[in-house]
Amino acid sequence: MNLIIIIFISSILASTSIIGALAQNGFMNSALTRSVAGGTVAFTSSNFLVGYTNLEYFISASANGSLGFSGFVFLGGLVALMITWLSNIIEFGVAIK
Amino acid sequence: MADKPKITGISFNLFAIIAVLILLPLATSTITSFSTANSSEYISVNKKVEPDEGYFPDGTTKPFADRKMFTWTDKGNNMTNEYLQSNPQSTVDNYQTVWDFSNYQNFVDCYNNWLLFCDQGLYGGLGGGVDYRFARNNDVFFQSSDNHNSLASLSIPNYNGYIGYSGNEFAWQVHKNYMQYIPNSSDISKLKFTFIDYNNAYSCDTPIFQTILFKHDITFRLNSDKDTDYTLSNFESSKSSKYEVSYLPNGQTTTYLNGTSQPFGNICHVQFELEYEFSPFEIIEISERFDRNFENMDLFLRVYDIKAQYTDDLLIEGGLTYGNGQFAGVVYPLAFEGDNKHGLLFEYTEVDTAKTNFFLSGGTLILGIALFLLSIASTQYWNPVIEFFKPDGV
């Protein structure tokens, strides 16, 4: 079980590192790898998570209605995915059943 | 062996989590990139400025307020004390007013108060025998005043010239007289201000050219009303300070500093490129909030935390004239510092916000549906991927 946790954490770190490296090298939309007006980005302002600034801003824009109906569909899909994975982990010990 | 799935348990979950952690930010990035893909090439505002901008049709000169186009609001460090130390015979007023334009009444020279259309006490515009435009490559620049007043014009006892440390924070105001040349049908997606030190040219491979790192903000204001302020912050830029000149108009000269004669090849000026790239959300917000009313809009630009990067691991902060240690004596100036003039080029790009909205909303909708499908596929009721990998007959 410990090995599995280590593998999971390693995979998450590897993923964030890949996205971070892509962001640092300009592969992400540069206008969205900074924290933007209104202070809507709070969690991803550190360099390590800078690749996720874009995603966080997207979530924030969806939540405040800037993206209209599409934004709410996106937010709903993301929440549904998180709930499904969490309940799967609690019930079956894996995210995807 | 034939009955065993090719991908099982933990490995499949790992693939899924990594895919989401990598693909989701890439997907949002792709959507935002597509939504601004219809952005135009840079359009020069300078080329649009009317040659007789500073005058009424009857030839009389417009009032000051109607001629201001681009002015200093923060000229960097106040070097009064340093000037006084280098020249004890001078007075505070001699230098304080060089830096602080709010105290400029002691001088009739208009350098202190604004940049464009103000030269040698002549409050003219383009035309009237005075043309403040000049060309480099295919660009048209305007002459602008450096951050310090022309020291040579101040009648300072034992004049010692410009002291070259100017700080690492500066600010300007772009007046509505300049903004009016952006059509009110445009949705601006980028703004760029290029400053060049056109009075001095160098061989393009001299170490004076480095990568300049800096942060910058911009504030939009309508009808001079502070309540309308819309500020976008935390822009970070890494720009080369090299402006390569392949075309210099006949009759225009520049001081070539690195050698006894000007080479046959290209020459280079020191430049400072201040570029604002807006996100699709900001592009739409700017257009809708201000209704594209650029003729009544002022911009406030701020640059701070300026650093010069000599090598990958060596950053020099603060002083922007002479390096220390192994780089002692090496010059790393900013294009707009000094007591002479620099060139200014103002450009913008535009997008079609209808298309931006379409790609943004459409892409987000597709992404949302994909996430819903993925969440259903993560349950035991629908497993399209696992079904695909299962051996036949299982």
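Residues numbered from 1 in each chain as written. Chains lettered and ligands numbered in written order. Predicted model: local features only at pLDDT ≥ 70, side-chain atom pairs only at ≥ 80, totals over all residues.

1. What about the domain arrangement of chain B?
All names here are of chain B.
- Under the domain assignment used here, chain B contains domain 1 (1-38 + 364-394) and domain 2 (41-351).
- Facing the 4 residues of domain 1 at the interface are 4 residues of domain 2.
- Looking at the side of domain 1 that touches domain 2 residue by residue, the class counts come to no nonpolar, 4 polar and no charged. (Domains from an automatic or database assignment. Contact = placed C-beta atoms within 7 Å. Nonpolar A, V, L, I, M, F, W, Y, C, P; charged D, E, K, R; others polar.)

2. Looking at the interface of chain B and chain A
- The partner chain A presents 42 residues to the 40 residues of chain B that form the contact.
- Counting only elements with at least two residues in the side of chain B that touches chain A, the list comes to helix H1 (9-35), strand E9 (225-240), helix H5 (280-290) and helix H6 (353-377) of chain B.
- Ranked by the residues each element gives to the side of chain B that touches chain A, the list is headed by H1 of chain B, at 16 residues.
- Residue composition of the side of chain B that touches chain A, grouped by class: 21 nonpolar, 16 polar and 3 charged. (Helix = DSSP H or I, 4+ residues; strand = E, 2+ residues; numbered from the N terminus.)

3. Focus on the nonpolar core
- Counting 53 residues, the largest nonpolar core has Tyr 178 and Leu 344 of chain B as the members making the most contacts within it.
- What Tyr 178 of chain B contacts, discounting residues up to four positions off in sequence, is Val 45, Met 69, Phe 70 and Phe 346 of chain B.
- Counting residues in each nonpolar core, the second largest holds 24 residues, with Ile 19, Phe 58, Leu 78 and Ile 96 of chain A among its members. (Core = buried A, V, L, I, M, F, W, Y, C linked by C-beta atoms within 7 Å. Buried ≥ 20, exposed ≤ 12 C-beta atoms within 10 Å, placed from the backbone.)

4. Things to note about unusual backbone geometry
All names here are of chain B.
- Not every positive phi belongs to a glycine, and Asp 291 is a case in point at roughly 55 degrees.
- The phi dihedral of Arg 292 falls on the positive side, at around 55 degrees, and the residue is not glycine.
- As for its position among the elements, Arg 292 is in the loop between H5 and strand E13 (297-311).
- Overall, the presence of 18 C-beta atoms within 10 Å leaves Arg 292 in the partly exposed class.

5. Describing H5 of chain B
- Inspection of H5 of chain B places Pro 280, Phe 281, Glu 282 and Ile 283 of chain B among the buried residues, and these make up the whole buried set.
- The first or second residue beyond H5 of chain B is Asp 291 of chain B, which carries a positive phi of 55 degrees.

6. Notes on the pairing of strand E8 (residues 211-222) of chain B
All names here are of chain B.
- As defined by bridge partners, E8 adjoins E9 across 10 bridges and the pair is classed as antiparallel. The residue of E9 that forms the bridge with Lys 215 is Glu 236.
- Remark: 2 residues form the turn of the hairpin made by E8 and E9, two consecutive strands paired antiparallel; Asn 223 in that turn has positive phi of roughly 50 degrees. (Pairing = 2+ DSSP bridges.)

7. Some details on the pairing of strand E4 (residues 139-145) of chain B
Residues and elements named next belong to chain B.
- Burial of E4 is extensive: 5 of the 7 residues sit out of reach of the surface.
- By the bridge criterion, 4 bridges tie strand E3 (residues 133-136) to E4 in an arrangement that is antiparallel. Paired with Phe 134 across the bridge in E4 is Phe 141.
- Linking two consecutive strands that pair antiparallel, namely E3 and E4, is a turn of 2 residues; a positive phi of about 50 degrees is found at Asn 137 within it.
- In the sheet, E4 pairs with strand E15 (residues 341-351) via 4 bridges, with the strands oriented antiparallel.

8. Points about the confidence of the model for chain B
- Across chain B, the average pLDDT comes to 75, with 67% of residues at 70 or higher.
- On the interface metric, ipTM, the complex scores 0.77, and its pTM is 0.77. (pLDDT = per-residue confidence, 0-100.)

9. A word on the packing of H5 of chain B against H6 of chain B
All names here are of chain B.
- Remark: H5 packs on H6, axes separated minimally by 10 Å, with the N-to-C direction vectors making an angle of 140 degrees. What the angle tells us is that H5 and H6 run oblique. The two elements H5 and H6 cross, and the hand of that crossing is left-handed. Counting all contacts with H5, which are made through Pro 280, Ile 283, Ile 284 and Ser 287, the residues of H6 involved are Thr 353, Thr 356, Asn 357 and Leu 360.
- For the contact of H5 with H6, the residue count by class is 4 nonpolar, 4 polar and no charged. (Axes fitted to C-alpha atoms, helices over the stretch in contact; angles between N-to-C directions. Parallel < 35°, antiparallel > 145°, perpendicular 65-115°, else oblique. Left-handed = near helix turned anticlockwise from the far one by under 90°.)

10. Quick word on H6 of chain B
- Across its 25 residues, H6 of chain B extends 35 Å between first and last C-alpha, which sits within 8% of the 36 Å expected from 1.5 Å per residue.
- By the burial criterion, the buried members of H6 of chain B are Thr 353, Thr 356, Leu 360, Gly 363, Thr 364, Leu 367, Gly 368, Leu 371 and Leu 374 of chain B. (Expected span 1.5 Å × (residues − 1).)

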